[in-house]
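If you want the building blocks of each chain, they are given just below.
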Amino acid sequence: MNVQVSPSAGATPVLPDAQVVTEVRHWTDRLFSFRLTRPASLRFRSGEFVMIGLPGDTGKPILRAYSIASPSWDETLQFYSIKVADGPLTSRLQKIKVGDQVILRPKPVGTLVVDALTPGKRLYLVATGTGVAPFASLLRDPEVYEKYEEVVLTHTCRTVDELAFGRELIEDLPNDPLVGEEIGNRVHYLPTTTQEDSEHTGRITGWMENGKLSQTLGLPDLNPETDRVMICGSIGLNTDVKAILDAKGFVEGSNSRPADYVVEKAFVG
């Protein structure tokens, strides 16, 4: 684990739309997170994503969509990323250090926002891998606890060590300055692994189909009358969870037409 914390004053950006790296943390040899300074003009809804990147060899920037992992009230912007050895962006992004500059296009968009869902009793956040990032933002947003009585985070990774980001997020929630006092027993967390034995193993879709998810959490089975769902993961996860929810009578929503569940189509990982 490698933590680098920003000095009190960062370097002045010289790249167009650039922000300064204030923190880098390597969780595993495949996963890392980092923080950037936040433009004073940037406004976003918890759960949205922005385009970030680095200059390419030709001078043209290499940009990718990254969900903002920090809540909308945070003074910095946190991101959570995989490391791909031959990836056009992540092969270089994983080497950033405090004081470096990263391009950020301040035009947040996305469907993983509470505005895209109709009112409900319980909010399920279903993630695989780095898809937990937007949910890290939402879990620290007071609006979520104003609209839902309970929140469920399921996070599926290959191995136990890859669950660390989500686990630390949940462990730190009671100490959060804005939502800590709201948590109580309202947040449920279910981490599962697919390639290493752990307390909970298997794909979350299997848990949802056979009722094991609700039984383990001590909650009623998924019901469109009371439950709302956000999905952020691989194409396979998105497709499979959509099919499960559709079969149960859930209706997919969007920013323009709120409904029972939403899927972040810009994320694959």
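Residues numbered from 1 in each chain as written. Predicted model: local features only at pLDDT ≥ 70, side-chain atom pairs only at ≥ 80, totals over all residues. Heavy atoms only, no water.

1. Here we look at the nonpolar core
Turning to step 1, where the next piece is worked out: Among the nonpolar cores identified, the biggest contains 34 residues, and Phe135, Leu139, Tyr145 and Met230 are the most heavily contacted of them.
Turning to step 2, where the next piece is worked out: For this core, the elements supplying multiple residues, two or more each, are strand E8 (122–128), helix H2 (133–138), helix H3 (142–147), strand E9 (150–157), helix H4 (164–172) and strand E11 (227–232).
Turning to step 3, where the next piece is worked out: Residue contacts for Met230: discarding those within four places in its chain leaves Leu112, Val113, Val114, Leu117, Leu123, Tyr124, Leu125, Val126, Phe135, Leu138 and Val262. (Core = buried A, V, L, I, M, F, W, Y, C linked by side-chain atoms within 4.5 Å. Buried < 20%, exposed > 50% of the residue type's maximum accessible area, 1.4 Å probe, protein only. Helix = DSSP H or I, 4+ residues; strand = E, 2+ residues; numbered from the N terminus. Contact = heavy atoms within 4.5 Å.)

2. Re the sheet that holds strand E12 (residues 261–263)
Turning to step 1, where the next piece is worked out: Ordered in space as E10-E9-E8-E11-E12, the five strands form an open sheet in which the pairing is parallel. Every other strand in the sheet has two partners, leaving strand E10 (187–193) and E12 as the edge strands with one partner each. Between one strand and the next, the sheet's axes are offset by a mean angle of 10°, whatever the strand orientation.
Turning to step 2, where the next piece is worked out: Taken together, the six bridges between E8 and E11 define a ladder with parallel strand orientation. Residue Arg122 lies in a different strand from E11, and its bridge partner there is Asp227. (Pairing = 2+ DSSP bridges. Axes fitted to C-alpha atoms, helices over the stretch in contact; angles between N-to-C directions.)

3. Side note on the side chain of Thr205
Turning to step 1, where the next piece is worked out: Structurally, Thr205 can be placed in helix H6 (residues 204–209).
Turning to step 2, where the next piece is worked out: The residues contacting Thr205, other than those within four sequence positions of it, are Leu237, Asp240, Val241 and Ile244.

4. Some words on the pairing of strand E6 (residues 76–82)
Turning to step 1, where the next piece is worked out: Counting buried residues in E6 gives five out of seven residues, a clear majority hidden from the surface.
Turning to step 2, where the next piece is worked out: By the bridge criterion, seven bridges tie strand E3 (residues 31–37) to E6 in an arrangement that is antiparallel. Note on E6: the bridge partner recorded for Leu31 is Ile82.

5. Quick notes on H4
Turning to step 1, where the next piece is worked out: Those residues of H4 that fall on the buried side of the exposure criterion are Ala164, Phe165, Gly166, Leu169 and Ile170.
Turning to step 2, where the next piece is worked out: Where H4 is buried, its residues contact E3, E6, H2, E9 and E10.

6. What about the environment of Val152?
Turning to step 1, where the next piece is worked out: Topologically, Val152 is positioned in strand E9.
Turning to step 2, where the next piece is worked out: Since its relative accessible area comes to 0%, Val152 is described here as buried.
Turning to step 3, where the next piece is worked out: Considering only alpha carbons, one finds Val152 and Thr194, 42 residues apart in sequence, at a separation of 19 Å.
Turning to step 4, where the next piece is worked out: Leaving out residues up to four positions away in the same chain, Val152 has contacts with Arg122, Leu123, Tyr124, Leu125, His188, Leu217 and Leu219.

7. Some remarks on the packing of aromatic side chains
Turning to step 1, where the next piece is worked out: Applying the stated rule across the entire model yields six aromatic pairs.
Turning to step 2, where the next piece is worked out: Taken together, a centroid distance of 5.4 Å and an interplanar angle of 75° make the contact between Trp27 and Phe165 edge-to-face. Placement of the pair is Trp27 in the loop between strand E2 (18–26) and E3 and Phe165 in helix H4, with a sequence separation of 138 residues. Of the two residues, Trp27 and Phe165, neither departs from the other in class, the shared state being buried.
Turning to step 3, where the next piece is worked out: Among the aromatic side chains, those forming a connected cluster through ring pairs are Phe32, Phe34, Tyr66 and Phe79.
Turning to step 4, where the next piece is worked out: In this structure, Arg25 is placed above the aromatic ring of Trp27, and the distance from its NZ or CZ to the ring centre is 3.9 Å.
Turning to step 5, where the next piece is worked out: The side chain of Lys212 reaches across the aromatic face of Trp207, ending 4.2 Å from its centre. (Phe/Tyr/Trp six-rings, centres within 6.5 Å; stacked < 30°, edge-to-face > 60°. Lys NZ or Arg CZ within 6 Å of the ring centre and 35° of its normal.)

8. Observations concerning the confidence of the model for the protein chain
Turning to step 1, where the next piece is worked out: Mean pLDDT over the protein chain: 92, with 93% of residues reaching 70 or higher.
Turning to step 2, where the next piece is worked out: In the model, residues 1–10 has pLDDT below 50 throughout and makes 19 contacts with residues more than four positions away in sequence or in other chains. (pLDDT = per-residue confidence, 0-100.)

9. Description of the side chain of Arg35
Turning to step 1, where the next piece is worked out: Tracing the backbone through its elements, the reader meets Arg35 in strand E3.
Turning to step 2, where the next piece is worked out: Look past the residues within four positions of Arg35 in its chain and what remains in contact with it is Val20, Val21, Thr22, Glu23, Ser70, Asp74, Thr76, Leu77, Gln78 and Arg140.

10. Remarks on the pairing of E10
Remember that side chains alternate between the two faces of the sheet whenever the strand is regular.
Turning to step 1, where the next piece is worked out: Of all the seven residues making up E10, six are buried; the element is thus mostly covered by neighbouring parts of the structure.
Turning to step 2, where the next piece is worked out: Of the strand pairs in this sheet, E9 and E10 are connected by seven bridges, and their pairing is parallel. The residue bridging Leu153 from the neighbouring strand is Tyr189, located in E10.

11. Focus on helix H8 (residues 235–247)
Turning to step 1, where the next piece is worked out: Compared with an ideal rise of 1.5 Å per residue, which puts 13 residues at 18 Å, H8 spans 18 Å between its outermost C-alpha atoms and is within 8% of the ideal.
Turning to step 2, where the next piece is worked out: If you check which residues of H8 are buried, you get Leu237, Asn238, Val241, Ile244 and Leu245. The arc that holds every buried residue of H8, seen down its axis, measures 135°, which confines them to one face. Facing away from the buried surface of H8 by more than 90 degrees, the exposed residues are Ile235 and Ala247.
Turning to step 3, where the next piece is worked out: On its buried face, H8 is in contact with E8, H6, E11 and E12.
Turning to step 4, where the next piece is worked out: The positive-phi residue at the C-terminal boundary of H8 is Gly249, with phi of around 95°. (Expected span 1.5 Å × (residues − 1). Arc of directions from axis to C-beta.)

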